[in-house]
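This is what each chain is made of:
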Amino acid sequence: MSVRVRFAPSPTGYLHIGGARTAIFNYLFARHHGGTFILRIEDTDVERSKKEYTEAILNSLRWLGVEWDEGPYFQSERMNVYREYLDLLIKRGKGYQCWCTPDELTLFKDSLKKEKKKFKRSVVEENHPEWLSPREGIPPVVIVETPTEGKIYYDDLIRGTISFPAEDVEDFIIWRSNDTPTYNFVVVVDDADMKITHVIRGDDHISNTPKQIVIYRALGFELPHFAHVPMILGPDKKRLSKRHGATSVEAYREAGYLPEALFNYLVRLGWSYGDQEIFTKEELIEKFDLSGVGKSPAVFNPEKLLWLNAEYIRASDHNRLFQEIYDKLPPDQRSKLGTDPSFFKLIGLVKVRSRTLIELYENLRFYFEPYPDSYDEKGVRKFFSKKPVFDALCALYEEMDKMIHFNEENLEKAFRDVSERYNVKLRDLAQAVRLAVTGKTVSPGIFETLEILGKIRTLKKIQRAIEWIKSNVNFENQG
RNA sequence: GUCCCCGUCGUCUAGCCAGGUCCAGGACACGGGCCUUUCACGCCCGUAACAGGGGUUCAAAUCCCCUCGGGGACGCCA
């Protein structure tokens, strides 16, 4: 029988990192086994479900490269299916109706808790027999009856056998008084109806599993395989949430992460293949299996994700990177930059010192912006405030102006000559030029940078810096 | 409180199922060094863990028991 798995988010927020990882595991499992990956939107909670979230989740999945083969199915469009199975369940005598209000029920459950009793049909009969037959003006809920003795157990593909004493599994509502089904009921109906063979989902569903097993049995369905993957934790070892910072896939996209990097990081969080850290998607499809998934929860480590992202940026070719930052580029220069070999060469130099696309863009800006919008303060103090360096900078300007072949070799020679002549360190002169050209104290090698920038733009920027220094720096005071 | 799950460097993990090759390996981060016109990259070196206690065994990170610690679920949310 061929593998069928699903990812079933509820559209009550953006795609969470934990959800994304569950989706990835399902996706990889399906691909690895040549199966089918189904997307299902669990929108039975009308109050909290929003269409925009559905769109956002779909977009995040697409961006990550998690492609589904079927769906998305919407639970809100399958009410007739659920109703059908509800009838079947009642017909088989596995459920009962209860005419009670939400408040009455809550109160009753609270009192049971105090007495350490479980909510079971027999207990209702004993304490509130009147709830078991129609009461004027009170719409009923449908409750499924759970076994009272023995064990409810299943074989988890990741954790082995998990067993629950049946008496601890309480009866639970599967159909609300407002005539809508509840989660535990619809998951089972959908998973069975969609012929899901492997339910791969978060750890937090382990305790729902016995309840769902009860429904599978009540409806006469065959049980799928279950695999519960450990959750992702924050640094405080509590389940990852907004208060730990960015948790949505979208947020990482906006922060300049490459989808492959996030994908790779998320897979490796909880799954491993020997000592290997970096995988292509094809490799993952080939190598991923549930046997490599660990049992213990994993703390999300942004530092390592950042490192991985840097690795991926470094490994990306210039065209790809150009595409990724295209939207940020000044509209009037996009097409020109897209065919400019110098710009592409610069991308190559700059990508090794960029950990995110944002940083990449920042490191590129000086190429297409006429002047730095400011000079790094510390740099000004160290390299713009010494008379000898300033004089050398002016002399270098003259040398460059005379230069016919504005290339690395000639530039290096000029730098060395001038720094010797003015008795300043090459380092200081290089830094002054770097500051003049980029506004920063950090950039690729200064000679290659200048060659790429070209003579005209370089001279303009240096001239501007010289003027800036003249009107902003007082050499007397600076010593 | 009840039930369930988990427990190897700060973090992700390899090793555990089929005890010895593990005074525990890799990666991120961190510290030191090399390279060097800056910053990165790269290379070299280093710090750092089997939660604790009992067993079983010639031998335990690996098997058994207990304790402790962490997490999750107990909704007419999903």
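Residues numbered from 1 in each chain as written. Chains lettered and ligands numbered in written order. Predicted model: local features only at pLDDT ≥ 70, side-chain atom pairs only at ≥ 80, totals over all residues. Heavy atoms only, no water.

Caption draft 1: Up close: the sheet that holds strand β8 (residues 172-175). Sheet architecture is open: three strands sit in the order β4-β5-β8, paired in antiparallel fashion. The two strands at the open ends of the sheet, each matched to only one other strand, are β4 (95-98) and β8. Sheet twist, expressed as the average angle between the axes of neighbouring strands with direction ignored, equals 45°. The pairing of strand β5 (residues 141-144) with β8 spans three bridges and is classified as antiparallel. The partner of Val 144 across the bridge, within β8, is Phe 172. (Pairing = 2+ DSSP bridges. Helix = DSSP H or I, 4+ residues; strand = E, 2+ residues; numbered from the N terminus. Axes fitted to C-alpha atoms, helices over the stretch in contact; angles between N-to-C directions.)

Caption draft 2: Focus on the packing of aromatic side chains. Evaluation of the coordinates by the stated rule reveals 28 aromatic pairs. Look at Phe 343 and Phe 368: their rings are 6.2 Å apart centre to centre, the planes differ by 70°, and that puts the pair in the edge-to-face class. Here Phe 343, found in helix α14 (residues 341-350), pairs with Phe 368, found in helix α15 (residues 357-368); they are 25 residues apart in sequence, far enough to count as distant. Ring geometry for Tyr 375 versus Phe 384: centroids 5.3 Å apart, planes at 65°, classification edge-to-face. Owing to a relative accessible area of 11%, Tyr 375 belongs among the buried residues under this scheme. (Phe/Tyr/Trp six-rings, centres within 6.5 Å; stacked < 30°, edge-to-face > 60°. Buried < 20%, exposed > 50% of the residue type's maximum accessible area, 1.4 Å probe, protein only.)

Caption draft 3: Examining the protein's contact with RNA strand B more closely. Surveying the vicinity of RNA strand B reveals 66 residues, the closest of which are Arg 159, Arg 176, Lys 238, Arg 353 and Ser 443. Note that a base oxygen of RNA strand B is positioned 2.8 Å from one of the side-chain N or O atoms of Ser 177. Between a base nitrogen of RNA strand B and a main-chain N or O atom of Ser 443, the distance comes to 2.6 Å. Those elements giving two or more residues to the surface near RNA strand B turn out to be α4 (102-114), β7 (160-165), β12 (298-299), α11 (302-315), α19 (426-438) and α20 (446-453). For the surface near RNA strand B, the element with the highest residue contribution is α19, accounting for five residues. Of the residues contributing to the surface near RNA strand B, the split by class is 23 nonpolar, 17 polar and 26 charged. (Near = heavy atom within 4 Å. Polar contact = N/O pair within 3.5 Å; in protein donor to acceptor, adjacent residues only side chain to side chain. Nonpolar A, V, L, I, M, F, W, Y, C, P; charged D, E, K, R; others polar.)

Caption draft 4: Region of the structure containing the domain arrangement of chain A. As assigned here, chain A comprises domain 1 (4-72 + 191-231), domain 2 (80-175), domain 3 (242-313), domain 4 (316-368) and domain 5 (377-472). Taken over C-alpha atoms, the centre of domain 1 sits 25 Å from the centre of domain 2. Listed by partner, the interface residues are 22 residues for domain 1 and 23 residues for domain 2. Overall, the association of domain 1 and domain 2 removes approximately 1900 Å² of surface from exposure, summing both partners, and the carbon and sulfur fraction of that is 73%. By the criterion of area lost to domain 2, the three top residues of domain 1 are Val 214, Ala 218 and Leu 219, representing 26% of everything that side buries. Between Asp 203 and Arg 159 there is a salt bridge whose closest N-O contact spans 3.0 Å. Our count for the domain 1 to domain 2 interface comes out at six residue pairs in polar contact (both at pLDDT 80 or more). Residue assignment for the side of domain 1 that touches domain 2 shows that the elements contributing at least two residues are α7 (209-219) and β10 (225-229). Ranked by the residues each element gives to the side of domain 1 that touches domain 2, the list is headed by α7, at nine residues. (Domains from an automatic or database assignment. Contact = heavy atoms within 4.5 Å. Buried area = accessible area lost by both parts, 1.4 Å probe. Salt bridge = Lys/Arg side-chain N within 4 Å of Asp/Glu carboxyl O.)

Caption draft 5: Spatial organisation of the packing of helix α1 (residues 17-32) against helix α9 (residues 259-268). Contact geometry for α1 and α9: axes closest at 9 Å, N-to-C directions at 85°. Put simply, α1 runs roughly perpendicular to α9. Residues Ile 17, Ala 20, Arg 21, Ile 24, Phe 25, Tyr 27 and Leu 28 of α1 touch α9, and the partners they reach there are Phe 263, Leu 266 and Val 267. Each residue belonging to the contact of α1 with α9 can be placed in one class, and the counts come to nine nonpolar, no polar and one charged. (Parallel < 35°, antiparallel > 145°, perpendicular 65-115°, else oblique.)

Caption draft 6: Spotlight on the nonpolar core. By size, the foremost hydrophobic cluster in this structure holds 109 residues, and its most contacted members are Phe 300, Phe 343 and Phe 415. It is α1 that provides the largest number of residues to this core, a total of nine residues. Residues in contact with Phe 415, not counting those within four places in the same chain, are Leu 396, Met 400, Leu 426, Leu 429, Ala 430, Val 433, Ile 446, Phe 447 and Leu 450. By size, the runner-up hydrophobic cluster in this structure holds 33 residues, among which are Ile 196, Val 199, Leu 219 and Phe 221. (Core = buried A, V, L, I, M, F, W, Y, C linked by side-chain atoms within 4.5 Å.)

Caption draft 7: Focus on a positive patch on the surface. Residues Lys 378, Lys 382, Lys 386 and Lys 425 make up a contiguous surface patch of positive charge. Within the secondary structure, Lys 378 sits in helix α16 (residues 377-384). (Patch = residues over 30% accessible without salt bridge, like charges linked within 9 Å, V, L, I, M, F, W, Y side chains within 5 Å. Areas by Shrake-Rupley, 256 points an atom, 1.4 Å probe, with all protein chains shown as cover. Lys, Arg positive; Asp, Glu negative; His and termini not counted. Charge placed at Lys NZ, Arg CZ, Asp CG, Glu CD.)

Caption draft 8: α19, seen in detail. The terminal C-alpha atoms of α19, which comprises 13 residues, lie 18 Å apart, in line with the 18 Å expected from a rise of 1.5 Å per residue. By the criterion of burial, α19 is predominantly enclosed, with 11 of the 13 residues buried. Buried residues of α19: Asp 428, Leu 429, Ala 430, Gln 431, Ala 432, Val 433, Arg 434, Leu 435, Ala 436, Val 437 and Thr 438, and no others. Tucked inside the fold, the buried residues of α19 contact α15, α16, α17 (387-402), α18 (408-421), α20 and α21 (455-472). Once α19 finishes, Gly 439 follows within two positions and takes phi at roughly 80°, a positive value. (Expected span 1.5 Å × (residues − 1).)

Caption draft 9: How the structure looks around the pairing of strand β6 (residues 151-156). Burial along β6 is one-sided: Ile 152, Tyr 154 and Asp 156 are buried, and none of Lys 151, Tyr 153 and Asp 155, which face the opposite way, are. Sheet analysis places β6 next to β7, joined by six bridges and oriented antiparallel. Residue pairing across strands places Tyr 154 opposite Ile 162, the latter belonging to β7. Connecting β6 to the antiparallel partner β7 that follows it, the hairpin turn spans three residues.

Caption draft 10: Examining the pairing of β10 more closely. Burial analysis of β10 places four of its five residues in the buried class, the great majority of the element. Sheet analysis places strand β9 (residues 198-202) next to β10, joined by five bridges and oriented parallel. The partner of Gly 202 across the bridge, within β10, is Val 229. With α7 bridging β9 and the parallel β10, this β-α-β connection has right-handed handedness. (Right-handed = clockwise from strand over helix to strand, strands pointing away.)

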